[in-house]
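Structural overview for review
Read off the chains here:
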Amino acid sequence: MDDTRVPAVPKSIEETGLDEAFLLDLALKHVYFGSGLQAIDLARRMAVDFHILSGLLESLKRDQLVTGGGGSGALGGVWFRWSVTRDGRDKVAEIMLRDNYRGPAPVPFDQYTAQLEHQRIDQHEVTPAMVEYAFSRLVLDPKVVTAIGPAIRSGRPIFLYGPSGNGKTSMAECIAETMRGGVFVPRALMAEGEIVVVYDEVHHQPIGGDELEHDRRWVHCERPKVLVGGELTMDMLDLTSVTQATFSKAPFQVKANSGVLFVDDFGRQRADAHDLLNRWIVPLESRFDYLTFPSGQKVRVPFDCLVVFSTNLDPRQLADDAFLRRIRYKIRLGPPTPSMYREIFQRQCRELGIGYDAGVVEYLLQKHYFAPARPLKACEPRDLLQQMADVHRFSGDMPGLSPVVIDRLAELYFGGLELDSPGPTDAEVTHARPRTP
C-alpha cells in the first residue's frame, strides 16, 4: 500500500464533522427502509461506528420515533431490531420531501480535500523497474518507454497520438498498472449542504481482505481507473442529477481523483473537442475544478488525476498551441517496424498456443503488407491469430500456420478495403526477401 493516511474512525458525532440533526434524520430513514434490521446492520449501512448509531437510536427512541427490541441486550443492544413508530413514519415522510438520500453517512468536504492531499498522484512512487514490468507485455519503440516513465511520475497530462491499431489503449492500461496502490475513496460527500455520491463499483476496485481499521465512510481501493470514450458529453463533466432525488452523482473527473482518467478516441466524442479542451484547460493546470449544484451553488474541488488523452487524429487539428503547451508529454505511437511486427506475432502465437513459423510470417509480410503497400498495425497479429482460433473453435481442427491459411485469414480480415496510407518505410523492408516456408 502507498504511504496514504488512513482515515481514523470517528468515535463521536463531532468527529464525523456532520450535523447531529442530519445524522438523526439519516438514521431514521435507515430504520424506516430497513425495518426490523438489527442495530449492527444499521451501523454498517450508515458506515458509522456502532456507538454513534446507538446514541442516535436512543435519541430517536426518546422522541418516540423508533422502537427497538426482540434481540439480545448484550453489547448495548447490538442485536436489537429497530422499526419506526407511527410518528416516525410521519417524520420520515416529511424528511423525504426535502432530503431523500438514504445511503452511507457522507464525508464533509474539508475532510475529503485533506485526505486527497495525502494521496496525491504526484507523490505516487513510479520507478524504472515498475514501468519496465508494466509495459513488458507490449512491443514498443524503446524511445516510447523512455518517455513514458517521467510522464507518469509527473502526474501531468499525457497525449498519446498516432494511427489507430498501434496500442494506445493497451498503453493506457499499462499506465494504469504503474499506478497501483491503495487510496481511500469516499462513498459520498457533503459540500455546501449538498450530497454527492462518489463511490462507483464500475470505476473503484476495493482492496480484498481489507483489515485496516478506518472510517467506513471511505472505501479502501486501488487507485481509480476511469475510462471515457465517444459517449462523453459536456454535461457528464458536471454533477449528475438523479431522477426525483435530492442528491447528485459525481462526474468522471471527481471519480478519477487520486487515479487515472483515460479519455479514449479523443476528438470523436459527441461533444466538440474544442469545447472539451476549453472546459479542461484551467483544471489541467491549476489542479482544481468547479462544480455547480442544482441549487446554483458552486464548489471548488480538487482535480488530482493523471489525464491521458488518446487519439488517432492530428493533435494540431484538435487543439491550439495554448492548450498543447499545457500537455507537457506528447507521445507518438507509430506503426511497428517489421521486426517489431514479427515479435508481436511470435508473442501472440505463444499466448494462443499456435506454433510460430518465421517463414510463414515473412510470407504474410511480403504478400499482404509490402506488395500492396499496406501499413503495419500492432493489433493485426493478434486479430489474425484470433481469427485462426475462432476457426478452430468452430471446426475443432487447428491448422498449422501455412501460406494457404494466411491467405484465407488475410482475405477474411482485410477483405477488399481500400488502403488509405502508405506502407512501412523501415529500411528493413528494402532488404526483405521472401522465404519459402
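See above for the structure.
So, how was this worked out
Residues numbered from 1 in each chain as written. Predicted model: local features only at pLDDT ≥ 70, side-chain atom pairs only at ≥ 80, totals over all residues. Heavy atoms only, no water. Helix = DSSP H or I, 4+ residues; strand = E, 2+ residues; numbered from the N terminus. Polar contact = N/O pair within 3.5 Å; in protein donor to acceptor, adjacent residues only side chain to side chain. Buried < 20%, exposed > 50% of the residue type's maximum accessible area, 1.4 Å probe, protein only. Pairing = 2+ DSSP bridges. Phe/Tyr/Trp six-rings, centres within 6.5 Å; stacked < 30°, edge-to-face > 60°. Lys NZ or Arg CZ within 6 Å of the ring centre and 35° of its normal. Arc of directions from axis to C-beta. Axes fitted to C-alpha atoms, helices over the stretch in contact; angles between N-to-C directions. Parallel < 35°, antiparallel > 145°, perpendicular 65-115°, else oblique. Left-handed = near helix turned anticlockwise from the far one by under 90°. Contact = heavy atoms within 4.5 Å.

Observations regarding the side chain of Arg 342
Mapped onto the fold, Arg 342 is located in helix α15 (residues 338-352). A polar contact is formed between the side chain of Arg 342 and the side chain of Glu 362, at a distance of 3.0 Å.

Looking at the pairing of strand β13 (residues 288-292)
Of the two faces of β13, the one holding Asp 289 and Leu 291 is buried and the one holding Phe 288, Tyr 290 and Thr 292 is not buried anywhere. Bridge analysis of β13 against strand β14 (residues 298-302) gives five bridges, and the strand direction is antiparallel. When the sheet's bridge partners are listed, Phe 288 is paired in β14 with Pro 302.

So, the sheet that holds strand β3 (residues 107-108)
Strand order in the open sheet made by the five strands is β3-β6-β7-β11-β10, with mixed pairing throughout. Of all the strands in the sheet, just β3 and β10 (240-241) have a single pairing partner and so form its edges. Of the strand pairs in this sheet, β10 and strand β11 (residues 248-249) are connected by two bridges, and their pairing is antiparallel. Across the sheet, residue Ser 241 finds its bridge partner in β11, namely Ser 248.

Considering the packing of aromatic side chains
Taken as a whole and assessed by the stated rule, the structure comprises 15 aromatic pairs. Positioned over the ring face of Phe 288 is Arg 300, at 3.9 Å from the centre of the ring. Between the NZ or CZ atom of Arg 374 and the centre of the ring of Phe 414, over which it lies, the distance is 3.9 Å.

Overview of helix α3 (residues 39-46)
Listing the buried residues of α3 in full gives Ala 39, Ile 40, Leu 42, Ala 43 and Met 46. Relative to the axis of α3, the buried residues are bounded by an arc of 160° and lie together on one face. Just past α3, the residue Ala 47 takes up positive phi, approximately 60°.

Some remarks on the packing of helix α9 (residues 142-154) against helix α10 (residues 168-178)
For the pair α9 and α10, the least separation of the axes is 11 Å and the interaxial angle reads 45°. The angle between α9 and α10 places the two elements in the oblique class. Seen along the crossing, α9 lies across α10 with a hand that is right-handed. In this structure, α9 contributes Val 144, Ile 148 and Ile 152 to the contact, and α10 contributes Met 171, Ile 175 and Thr 178.

Some points on unusual backbone geometry
Backbone geometry at Ala 47 places phi at a positive 60°, although glycine is not the residue there. Among the structural elements, Ala 47 can be located in the loop between α3 and α4 (50-62). Classification of Ala 47 as buried rests on a relative accessible area of 6%. In this structure, Glu 192 takes a positive phi of about 55° despite not being glycine. You can see Glu 192 is positioned in the loop between β6 (188-191) and β7 (194-197).

Things to note about the sheet that holds strand β4 (residues 158-161)
Taken in spatial order, the five strands line up as β9-β12-β15-β4-β16 in an open sheet, and their pairing is parallel. Every interior strand has two partners, whereas the edge strands, β9 (225-228) and β16 (329-332), have only one. When the angles between neighbouring strand axes are averaged without regard to direction, this sheet yields 15°. Note that β4 and β16 share four bridges and pair parallel. Pairing of Leu 160 across the sheet is with Ile 331, part of β16. On the sheet, α10 packs against β4, β9, β12 (260-263) and β15 (306-311) and is oriented at approximately 150° with respect to β4.

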